[in-house]
Amino acid sequence: MTEFEAVYTENYPIVYRYALSLCRNPAAAEEITQEAFVKAMEHMGQFDGRCRLYVWICQIAKNTYFTDLKKRKRYAEETPPPVPSAEDPEERIFEKETAARIHALLEQLPEPYREVFSLRVFGELSFSQIGAIYGKTDSWARLIYFRAKRKVKEDLDE
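Residues numbered from 1 in each chain as written. Predicted model: local features only at pLDDT ≥ 70, side-chain atom pairs only at ≥ 80, totals over all residues. Heavy atoms only, no water.

Position of Thr33 relative to the elements: it lies in helix 2 (residues 26–42). Given a relative accessible area of 0%, Thr33 falls into the buried group. (Helix = DSSP H or I, 4+ residues; strand = E, 2+ residues; numbered from the N terminus. Buried < 20%, exposed > 50% of the residue type's maximum accessible area, 1.4 Å probe, protein only.)

This paragraph deals with the layout of surface pockets. Counted as a void, the largest pocket has a volume near 290 Å³. As for the largest pocket, its lining consists of 13 residues, and the residues nearest its centre are Leu22, Arg24, Phe66, Glu107 and Arg114. Counting only elements with at least two residues in the lining of the largest pocket, the list comes to helix 1 (3–23), helix 3 (53–74), helix 4 (89–108) and helix 5 (113–121). The greatest single-element share of the lining of the largest pocket, amounting to four residues, is contributed by helix 5. Residues belonging to the lining of the largest pocket are distributed by class as follows: five nonpolar, three polar and five charged. Lining the second largest pocket, in full, are Asn25, Ala28, Glu31, Ile32, Glu35, Thr64, Thr67, Asp68, Lys71 and Arg72. (1 Å grid on protein atoms, 1.4 Å probe; cavity = no way out; pocket = protein on both sides within 12 Å on 5 of 7 lines; lining within 4 Å. Points joined across faces, edges and corners; volume = space filled by probe spheres on them. Nonpolar A, V, L, I, M, F, W, Y, C, P; charged D, E, K, R; others polar.)

This part covers the side chain of Ser118. Positionally, Ser118 belongs in helix 5. Reaching out from Ser118, the side chain makes a polar contact with the side chain of Arg24 at a distance of 3.3 Å. Look past the residues within four positions of Ser118 in its chain and what remains in contact with it is Ser21, Arg24 and Gly123. (Polar contact = N/O pair within 3.5 Å; in protein donor to acceptor, adjacent residues only side chain to side chain. Contact = heavy atoms within 4.5 Å.)

Right, let's get into the packing of aromatic side chains. Applying the stated criterion across every chain, the model contains 11 aromatic pairs. Seen from their ring centres, Tyr12 and Phe37 are 6.3 Å apart, and the 25 degrees between their planes marks the pair as stacked. Here Tyr12, found in helix 1, pairs with Phe37, found in helix 2; they are 25 residues apart in sequence, far enough to count as distant. Through successive ring pairs, a cluster of aromatic residues spans Tyr8, Tyr12, Tyr16 and Phe37. (Phe/Tyr/Trp six-rings, centres within 6.5 Å; stacked < 30°, edge-to-face > 60°.)

Bringing the pattern of salt bridges into the picture now. If you walk through the whole model with that rule in mind, you get six salt bridges. In this structure, the salt-bridge partner of Lys39 is Glu35, at a minimum N-O distance of 3.3 Å. Here Lys39 and its partner Glu35 are both found in helix 2, four residues apart, which amounts to about one turn of the helix. Lys39 gets classed as partly exposed once you look at its relative accessible area, which sits at 28%. A salt bridge links Asp155 to Lys151; the shortest N-O distance between them is 3.2 Å. With a gap of four residues between them, Asp155 and Lys151 both fall in helix 7 (residues 138–157), about one helical turn apart. Residue class for Asp155 comes out buried when judged on its relative accessible area of 14%. (Salt bridge = Lys/Arg side-chain N within 4 Å of Asp/Glu carboxyl O.)

Now the structure itself:
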């Protein structure tokens, strides 16, 4: 196994979960992750070692995601709404309304609260991994996460 294959095998799950936390779409997260590793391999000489390698690759994934997002916004096409299933429509409406409300509340959170919350909940990253991405401690990531969580709960209960 080559050195880069070892890096890929070791860091793929972390980078994939991070990409998934950004886009919330498994197929898109896989593409972003693959593209991030390709870019990392092409620019390995630019890695200066000031942070962990997976943090650097996550930054590449983040930049890749935002670049792709800008492209999609420019060429956005309307997609038809999903067809509701026959399963308890009242419950589905309640779940959709709650999910939409939580999503709206998350969008109102200032940075870094929004992204730390997303990385923890959707990306399933550990506090130490989140802290490393920001160049902070795991205690900092834990504090930011719990403040964001408390704010979302307070706003949801209003």
